[in-house]
Amino acid sequence: LCSPPPPAVISPCKILKCNSEFWAATSGSHHLGAEEAPEFCTALRAYAHCTRRTARTCRGDLAYHSAVHGIDDLMVQHNCSKDGPTSQPRLRTLPPGDSQERSDSPEICHYEKSFHKHSAAPNYTHCGLFGDPHLRTFTDTFQTCKVQGAWPLIDNNYLNVQVTNTPVLPGSSATATSKLTIIFKSFQECVDQKVYQAEMDELPAAFVDGSKNGGDKHGANSLKITEKVSGQHIEIQAKYIGTTIVVRQVGRYLTFAVRMPEEVVNAVEDRDSQGLYLCLRGCPLNQQIDFQAIRSAQATEGRARRKGPSLPAPPEAFTYETATAKCREKLPVEDLYFQSCVFDLLTTGDVNFMLAAYYAFEDVKMLHSNKDKLHLYERTRVLSPGNTAPTGTHPTLWVALLCLCWLCLL
């Protein structure tokens, strides 16, 4: 019998726990009088103590650094001493009329109304990351990449998205997304800075501070989290930048999809660093996997092998034929989402990767603005990094052309 796959590496950073404890202790405290300030400072010191305990394991965590800076700011704002009691005060509930329930927003906090009131509708673009991992960029380039460790997906003037990919099996170069951090930067009177973080087996329906919208500013509800399926599917609407983000947990790993206006995609101060994030420029050339070559090996050898030493067999051995049949159950069109599904089943043996490809395509159908470009097929030539992918040619057409050529030679 095949043994189950070993548990994936889980981050020891406990910043989410620190954030949730502080939020639970202080929700609504900004409505309290001055006589309640010592209680808030007590909770703030407990928060700082919690972050110090987990500091060593959180050095590369964006949410951790955001929390540390936030604590320092709050200490100054509330004139809190760093020395004193750290026991947690009583739990609070949000009073009526709190910004969590606010529905009105200024016009500047609605992208289409404010930025394009007297011009054409914005051009929306899509980026998605799923599986082992497969990337569809804002320019509709499709890549399969290694990208182990932490990588920036998006980095512009409005938000930052970072993913962490970890090996699916020991000794294998197959990786999948185990952690996702999204930072929405403070924007005018619309939203405060907000951080969302998801990890394997933890897909929160709130930001790390426990809130579900943009904070205390007048346009707070122009940023909002909605839980679609508990622990499996959340959606973040950022109306002030015309952006929709979908995060899913499929099996143990995460998928990411975004719909964003071109104007927001290209809103960067440092043009030199713009090419560093994956959704815009794709994976670095040395991180890309030759999808077409590996697919050819899959069909002839029955098992995907990456360049280099032989990899250990996945826990459930799919043949090319059984993987193809399994993927066809959910993905009847043999496009790159279908081929990604086959690739992932062969490299991981985990049927959840079939569902990841299926949901990734479902998100494309919901988020992509051009319904004629939903399906992508293998390109006939290799593009240099950063180029837009041309419209692909369906593999069956090439087979027909090859047959025609042979007939001409006979």
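Note that the structure is predicted; figures quoted are calculated from it, not measured. (Residues numbered from 1 in each chain as written. Predicted model: local features only at pLDDT ≥ 70, side-chain atom pairs only at ≥ 80, totals over all residues. Heavy atoms only, no water.)

Student: Can you help me understand the confidence of the model for the protein chain in this one?
Tutor: Interpretation of this model should avoid reading the predicted coordinates in detail wherever pLDDT is low. For the protein chain, mean pLDDT is 77; residues scoring 70 or higher make up 71% of the total. A low-confidence stretch, residues 88–103 stays under pLDDT 50, and its non-local contacts, those more than four residues away or across chains, total 44 contacts. Here residues 302–315 scores under 50 on pLDDT; set against residues more than four positions off or in separate chains, the count is 41 contacts. (pLDDT = per-residue confidence, 0-100. Contact = heavy atoms within 4.5 Å.)

Student: Help me understand the pairing of strand β5 (residues 159–167), please; the structure alone is not making it clear to me.
Tutor: Moving residue by residue along a regular strand, the side chains alternate between the two faces of the sheet. β5 sits mainly inside the fold: seven of its nine residues count as buried. As paired strands, strand β4 (residues 149–155) and β5 are joined by six bridges and run antiparallel to one another. From the neighbouring strand, alanine 150 faces β5, where its bridge partner is threonine 164. Hairpin connection between β4 and β5: a loop of three residues separates the two successive antiparallel strands. Pairing of β5 with strand β6 (residues 175–184) involves nine bridges; the strand directions are antiparallel. Bridged to asparagine 160 within β6 is isoleucine 183. (Buried < 20%, exposed > 50% of the residue type's maximum accessible area, 1.4 Å probe, protein only. Helix = DSSP H or I, 4+ residues; strand = E, 2+ residues; numbered from the N terminus. Pairing = 2+ DSSP bridges.)

Student: Help me understand the packing of aromatic side chains in this model?
Tutor: In this description, an aromatic ring pair is defined by two values, namely the gap between the centres and the angle between the planes. As enumerated under the stated definition, the model contains nine aromatic pairs in all. An aromatic cluster is built from Phe130, Phe142, Tyr337 and Phe361, whose rings are joined through pairwise contacts. The ring of tyrosine 124 carries the charged tip of arginine 259 above its face, separated from the ring centre by 3.7 Å. In this structure, lysine 330 packs its charged tip against the face of tyrosine 358, placed 4.6 Å from the ring centre. (Phe/Tyr/Trp six-rings, centres within 6.5 Å; stacked < 30°, edge-to-face > 60°. Lys NZ or Arg CZ within 6 Å of the ring centre and 35° of its normal.)

Student: Where do I start with the state of the cysteines in this structure?
Tutor: Taken as a whole, this structure holds six disulfides when the rule is applied. Sulfur-sulfur distance for the disulfide between cysteine 41 and cysteine 80 comes to 2.0 Å. As the torsion about the S-S bond is roughly -75°, the cysteine 41-cysteine 80 disulfide counts as left-handed. You can see cysteine 41 sitting in helix α2 (residues 37–53) and its partner cysteine 80 sitting in the loop between α3 (62–77) and α4 (111–114), a full 39 residues away along the chain. Among the residues examined, cysteine 41 registers a relative accessible area of 6% and is labelled buried. You can call cysteine 80 buried: its relative accessible area is 11%. (Disulfide = S-S within 2.5 Å.)

Student: What's the story with the side chain of threonine 181 in this structure? I'm lost.
Tutor: Take threonine 181: it is sitting in strand β6. At a separation of 3.0 Å, a polar atom in the side chain of threonine 181 contacts the side chain of glutamine 197. Setting aside chain neighbours within four positions, we find threonine 181 in contact with Leu62, Ala63, Asn160, Val161, Gln162, Val195, Tyr196 and Gln197. (Polar contact = N/O pair within 3.5 Å; in protein donor to acceptor, adjacent residues only side chain to side chain.)

Student: When you look at the sheet that holds β5 in this model, what are you seeing that I'm missing?
Tutor: In spatial order, the strands read β4-β5-β6-β7; together these four strands make up an open sheet with antiparallel pairing. The sheet is open, and its two edges are formed by β4 and β7 (194–199), each paired on a single side. Ignoring which end each strand starts from, the neighbouring axes of this sheet average 20° apart. (Axes fitted to C-alpha atoms, helices over the stretch in contact; angles between N-to-C directions.)

Student: Before we go on, may I ask you to explain the nonpolar core in this structure?
Tutor: Here is a general trend for soluble globular proteins: nonpolar side chains tend to be buried in one another's company. By size, the foremost hydrophobic cluster in this structure holds 47 residues, and its most contacted members are Ile154 and Ile182. Here this core gets four residues from one element, more than from any other, and that element is strand β11 (residues 253–261). Residues in contact with isoleucine 154, not counting those within four places in the same chain, are Phe138, Leu159, Asn160, Val161, Phe256, Val258, Met260, Tyr277 and Cys279. Residues Leu16, Leu44, Ala63 and Val195 belong to the second largest nonpolar core, which totals 22 residues. (Core = buried A, V, L, I, M, F, W, Y, C linked by side-chain atoms within 4.5 Å.)

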